[in-house]
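# Structural characterization, general
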Amino acid sequence: MKKVGLSGRKKREKWQNGFATAVVFLLALIVLLPIWWIFRSSLMSVGAVNAYPPSFIPYEWLWSNYSKALETFEYWRYFRNTFMIILPAVLFGTVTAIFCGYSFARLTFRGKKVFFSICVSTILLPSMVTLIPLYIVWTKFLGLGDTYWPLILPYLTGGGFFNIFLIKQFMMTIPKDLDEAASIDGAGRMRILWTILVPSIKPAIVVVSMMLFIQIWNDMLQQIIYINSMDKFTFAIALTNFTGSFGTNWPVALAATFMTILPGIVIYAIGQKSFVEGIVLTGMKN
């Protein structure tokens, strides 16, 4: 009876795992469908794109659409401009989020709860409310209009409360005994932070960095507001003007679109392993 019951349970678990896998696979296909649709459309002619019913696979692969896009769409200039914002902003945002999270998780100082409550309250403040005041400060008072600084300097505050909160929660899972043992051996706070805590919260740091990257990559509104010169355009701004100038030539426009989303796909593919790591104290239980 035990063997029969065990066999039945294994069959049921196997069926459930297979069903869950099929559902996840179906959802993955739904998520990837827009990306595939952009890619297949970028390799088709205008008539094939507008044809009905649509085909999921191009009849002929027109790679020349990409060369046509590069003739007008200055890809490498926009690539450089975009990463001139992303690299320092992600670096500043991640490093300051680590410092802020460490302060709330490990340090004791007067007004700690008050400062943390103020940080929490910033979630309730819509970004559109602060858009006009910040624009006046950056352009009128500081004279930083048509520069990248208004898009970089705000990330000196951790890039948002969620990043600080995530780092703080990960650090609180690490026993304080490690800090005390390191301090007994003569290590200071900065050495403890960078040699013990930071390596232990690598998954959280990767998550914060990738979320900052996605946030800046998709932030077309502020880029349009602060950047006016064409030689400083980023992917988001340039792609909007590019699709408008080409009108109905969607294959060429979608070729440029696919080239702009490709760096984000590559970066996510590199960091996705750390994105799902959840065990912080692996090998540190002793």
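These remarks concern the structure in this document. In this convention, every chain numbers its residues from 1, walking through the sequence in written order. Totals for whole chains, interfaces and linings use all residues, but because this is a predicted model, local features are given only for residues with pLDDT of at least 70 and pairs of side-chain atoms are given and counted only at 80 or more. To get the side-chain values, take all heavy atoms of the structure and skip hydrogens and water.

### Examining the overall build of the chain
Note the threshold: A run of H or I in DSSP becomes a helix once it reaches four residues, and a run of E becomes a strand once it reaches two; helices and strands are each numbered from the N terminus. Radius of gyration: C-alpha atoms only; globule rule: 2.2 Å multiplied by the number of residues to the exponent 0.38. Relative accessibility thresholds used throughout: buried, under 20% of the residue-type maximum; exposed, over 50%; partly exposed, between the two (1.4 Å probe, protein chains only). Residues count as neighbours in contact if any of their non-hydrogen atoms are within 4.5 Å of one another. Values of accessible area rely on a 1.4 Å probe in the Shrake-Rupley scheme; residue burial ignores everything except the protein chains shown. Under this rule, positive means Lys or Arg and negative means Asp or Glu; His and the chain ends count for nothing. Lys charges are placed at NZ, Arg charges at CZ, Asp charges at CG and Glu charges at CD.
Broken down by element type, the chain carries 14 helices and zero strands. Counting helices and strands in the order they occur from the N terminus, the chain gives α-α-α-α-α-α-α-α-α-α-α-α-α-α. Taking 19 Å as the expected radius of gyration for a compact globule of 286 residues, we find that the chain reaches 25 Å, considerably beyond that expectation. Principal axes of the C-alpha set define a box for the chain whose edges measure 80 × 70 × 35 Å. Looking at the chain as a whole, 35% of its 286 residues are labelled buried. Residue pairs at least 24 apart in sequence account for 75% of intrachain contacts in the chain once pairs closer than 6 positions are excluded. As presented, the chain carries roughly 18000 Å² of accessible surface, and 69% of it is formed by carbon and sulfur atoms. Charged side chains of the chain number 24 positive and 12 negative; the gap between the two group centres comes to 13 Å.

### Let's talk about the nonpolar core
Rules: Buried residues of nine kinds, namely Ala, Val, Leu, Ile, Met, Phe, Trp, Tyr and Cys, make up a nonpolar core once their side-chain atoms join them within 4.5 Å.
In this structure, Phe73, Ile167, Met171, Leu197 and Ile201 are the most contacted members of the largest nonpolar core, which totals 55 residues. Secondary structure elements with two or more residues in this core: helix H3 (64-72), helix H4 (75-106), helix H7 (149-152), helix H8 (161-172), helix H10 (189-200), helix H11 (202-217), helix H13 (235-246) and helix H14 (250-275). At eleven residues, H4 tops the list of elements feeding residues into this core.

### Digging into the packing of H8 against H11
Convention followed: To get an axis, fit a line to the C-alpha atoms, keeping to the stretch in contact for a helix; angles then go from 0 to 180 degrees between the N-to-C directions. Angle categories: roughly parallel below 35 degrees, roughly antiparallel above 145, roughly perpendicular from 65 to 115, and oblique for all the rest. For this scheme, ten residues count as nonpolar: Ala, Val, Leu, Ile, Met, Phe, Trp, Tyr, Cys and Pro. Four count as charged, namely Asp, Glu, Lys and Arg, and the remainder, Gly too, count as polar.
Packing of H8 against H11 leaves a shortest axis separation of 9 Å and a crossing angle of 170 degrees. Accordingly, the angle class assigned to the pair H8 and H11 is roughly antiparallel. Residues Phe162, Asn163, Leu166, Ile167 and Phe170 of H8 form the contact with H11, whose own contacting residues are Pro203, Ala204, Ile205, Val207, Val208, Met211 and Leu212. Broken down by class, the residue content of the contact of H8 with H11 amounts to eleven nonpolar, one polar and no charged.

### Points about the packing of aromatic side chains
Given two aromatic rings, one states the distance between the centres and the angle between the planes to describe the pair. Stated precisely, the cut-off is as follows: In summary, the pairing rule links any two rings of Phe, Tyr or Trp, Trp by its six-membered ring, whose centres are within 6.5 Å, and it sorts them by plane angle into stacked for under 30 degrees, edge-to-face for over 60 and tilted for everything else.
Tallied over the entire structure, the rule returns 25 aromatic pairs. For the ring pair Tyr75 and Trp76, a centre distance of 5.0 Å and an interplane angle of 85 degrees mean the geometry is edge-to-face. You can call Tyr75 buried: its relative accessible area is 9%. Judged by its relative accessible area of 63%, Trp76 falls in the exposed class. Seen in terms of ring centroids, Phe83 and Trp217 are 6.0 Å apart; in terms of plane orientation they differ by 70 degrees. Their pairing is edge-to-face. Within this pair, whereas Phe83 is found in helix H4, its partner Trp217 is found in helix H11, the two being separated by 134 residues in sequence.

### Observations concerning the packing of H4 against H11
As a reminder, the rule being used: When the near helix sits turned anticlockwise from the far one by under a right angle, the crossing is termed left-handed; a clockwise turn instead gives a right-handed crossing.
It is at 9 Å that the axes of H4 and H11 come closest, and there the two elements cross at 145 degrees. Once H4 is placed against H11, the crossing between them reads as right-handed. Contact residues: Thr82, Phe83, Ile85, Ile86, Ala89, Val90, Gly93, Thr94 and Ile98 in H4; Ile205, Val208, Ser209, Leu212, Phe213, Ile216 and Trp217 in H11. Partitioning the contact of H4 with H11 into residue classes produces twelve nonpolar, four polar and no charged.

### What to know about the pattern of salt bridges
Put simply, the test is: Only one rule defines a salt bridge in this text: a Lys or Arg side-chain nitrogen within 4 Å of an Asp or Glu carboxyl oxygen.
Tallied over the full model, the rule gives two salt bridges. Between Arg77 and Glu74 there is a salt bridge; the shortest N-O distance is 3.2 Å. Judged by its relative accessible area of 34%, Arg77 falls in the partly exposed class. Among the residues examined, Glu74 registers a relative accessible area of 37% and is labelled partly exposed. Between Arg106 and Asp179 there is a salt bridge, with the nearest N and O atoms lying 2.8 Å from each other. On the criterion of sequence distance, the pair formed by Arg106 in helix H4 and Asp179 in helix H9 (residues 176-184) is long-range, its members being 73 residues apart. Each member of the pair Arg106 and Asp179 is classed as buried.

### Focus on H8
To keep things clear, this is the line we draw: The length a helix should cover is 1.5 Å for every residue beyond the first.
Compared with an ideal rise of 1.5 Å per residue, which puts twelve residues at 16 Å, H8 spans 16 Å between its outermost C-alpha atoms and is within 8% of the ideal. Burial in H8 covers these residues: Phe161, Asn163, Ile164, Leu166, Ile167, Lys168, Phe170 and Met171. For H8, the elements touching its buried residues are H4, helix H5 (112-121), H10 and H11.

### Remarks on the state of the cysteines
This is how it is decided: Criterion for a disulfide: a pair of cysteine sulfur atoms at a distance within 2.5 Å.
This model, assessed by the stated rule, comprises zero disulfides. Note on Cys100: no disulfide assigned, nearest cysteine sulfur contributed by Cys119 at a separation of 7.0 Å.

### What to know about unusual backbone geometry
Phi is positive for Asp146, close to 60 degrees, though the residue is something other than glycine. In this fold, Asp146 is placed in the loop between helix H6 (127-141) and H7. Overall, the relative accessible area of 18% leaves Asp146 in the buried class.

The values reported here are purely geometric and, on their own, carry no functional implication.
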